[in-house]
Amino acid sequence: VGEPSVIAVDVGGTSIKAALIGETGEMSRHVDVPTPVGAGAEAVVGAIRDVTRSLGGPSVCAVGVVVPGVVEVGSGVARYSANLGWRDVPLGDVLGAEAGVPVAVEHDVRAAGHAERTLGLARSVADCLVVVIGTGIAGVVVSGGRHVRGALDLAGEIGHVPVYPDGDVCACGQRGCTETYASAAAISRRYLAGTGTIRSAEEICARRDSDPAAARVWAEAAEALGLALAGYTMLLDPSLVVLAGGLAGAGAALRDPVQSALAARLAWRPVPAVEVSPLAGRAGVYGAALFAWRAAGRDPGADWQLG
Ligand SMILES: [Zn+2]
């Protein structure tokens, strides 16, 4: 039996990332598999079980799994996800029966926001926004030191702030949402529409100096984010915006144009700092680990030193 650890699973629309994380925050093993969204909800649940089983062992004291959509934290039921095509999945019970340890089920963006506030750049920042950009875009609003959840627990949906009144139709049913221009999926889709070539957002970012279509799509994503962030800045006056999620792996290539686009919209007030999370695409996994450790009756995290 090795050092005690938890299994942390971040279920995204593109991939399932999972890791074994110890009490000091070290990641000892990790697995990254594609999410079988095309094969239906049962296949996705099966993939989550497989990943959890592959990391299981006698030293595991809890499991934390974070998913998109609507999550009922108390009962561990994943109520609804458009991206994963599921409804009312009792994930907590399914995984708990198999692993025989406590299971925490949480919302992926809240988990990433929790990780940023506990371990990341947003640590002890009273007024900030954490924007998680992956297959979709969503944020965690921190105002006056508190996580703002809203009347319907829907605060932070910056991905569905309309930035162009007659813009593209979003999967959510609205038009011109930030997400239709700036999510990793949207960047790929818009590049494909312009060129007929399928490329990942990462590849498009890498080509932006040599490929005009890539440069245009990337700049339009930054512009849409800048517009949405200008609205946020005027309403809530943050000192910091943290860009997290898979797209944040682009680093300065994302931060610089987003900061410029935001600055271009703000004539008379200081521009809040825009930073890219060093946790990037791992924020969800670390968030899952923090919730898992809490389910195991411990609360490490504040002391974790992550590179
Ligand atoms: Zn939308």
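Here, every reference points to the structure presented above.
As the structure is a prediction and not an experimental result, all values here were calculated from the model.

1. What about the sheet that holds strand β6 (residues 77–81)?
No. 1: An order of β5-β6-β7 is seen for the three strands of this open sheet, with the pairing classed as antiparallel. Of all strands in the sheet, those with a lone pairing partner are β5 (70–72) and β7 (86–89), marking the two edges. Along the sheet, successive strands turn relative to each other by an average axial angle of 15°, direction set aside.
No. 2: In terms of strand pairing, β6 meets β7 through three bridges, oriented antiparallel. In the sheet register, Y80 faces β7, and the bridge partner there is R87.

2. Remarks on the coordination of the zinc ion
Metal coordination angles in their ideal form are 109.5 degrees for the four-donor tetrahedron and 90 or 180 degrees for the six-donor octahedron.
No. 1: Looking at the zinc ion, the protein donor atoms are H160 (ND1), C170 (SG), C172 (SG) and C177 (SG), and they sit 2.0 to 2.4 Å from it.
No. 2: Geometry at the zinc ion is tetrahedral, judged from its four donor atoms and the angles of 103 to 119° they form at the metal.
No. 3: Sequence spacing of the donor residues for the zinc ion, all on one chain, is H-x9-C-x1-C-x4-C.
No. 4: On the basis of relative accessible area, C172 is assigned to the partly exposed category, the value being 40%.

3. Regarding helix α7 (residues 212–236)
No. 1: In this model α7 runs 36 Å from its N-terminal to its C-terminal C-alpha over 25 residues, within 8% of the 36 Å that 1.5 Å per residue would give.
No. 2: Measuring from the side-chain oxygen of the N-cap residue of α7 to the backbone nitrogen of A213 gives 3.0 Å; that N-cap residue is D211.
No. 3: Positive backbone phi, approximately 50°, marks D237, located one or two places after α7.

4. Structural notes on the pairing of strand β1 (residues 5–11)
No. 1: By the criterion of burial, β1 is predominantly enclosed, with seven of the seven residues buried.
No. 2: Going residue by residue along β1, you find S5, I7, V9 and V11 tucked away on one face and V6, A8 and D10 tucked away on the opposite face as well.
No. 3: The pairing of β1 with strand β2 (residues 15–22) spans seven bridges and is classified as antiparallel. From the neighbouring strand, V11 faces β2, where its bridge partner is I16.
No. 4: Following β1, the chain reverses through three residues before pairing antiparallel with β2.
No. 5: In this structure, β1 lies alongside strand β4 (residues 60–67), joined through six bridges in parallel fashion. Each residue of the ladder has a partner; that of A8, found in β4, is G64.

Rules and cut-offs
Residues numbered from 1 in each chain as written. Predicted model: local features only at pLDDT ≥ 70, side-chain atom pairs only at ≥ 80, totals over all residues. Heavy atoms only, no water. Pairing = 2+ DSSP bridges. Helix = DSSP H or I, 4+ residues; strand = E, 2+ residues; numbered from the N terminus. Axes fitted to C-alpha atoms, helices over the stretch in contact; angles between N-to-C directions. Donors = N, O, S within 2.8 Å, 3.2 Å for Na, K, Ca; no water. Tetrahedral: all angles 85-135°; square planar, octahedral: opposite > 155°, others 65-115°. Buried < 20%, exposed > 50% of the residue type's maximum accessible area, 1.4 Å probe, protein only. Expected span 1.5 Å × (residues − 1). Polar contact = N/O pair within 3.5 Å; in protein donor to acceptor, adjacent residues only side chain to side chain.

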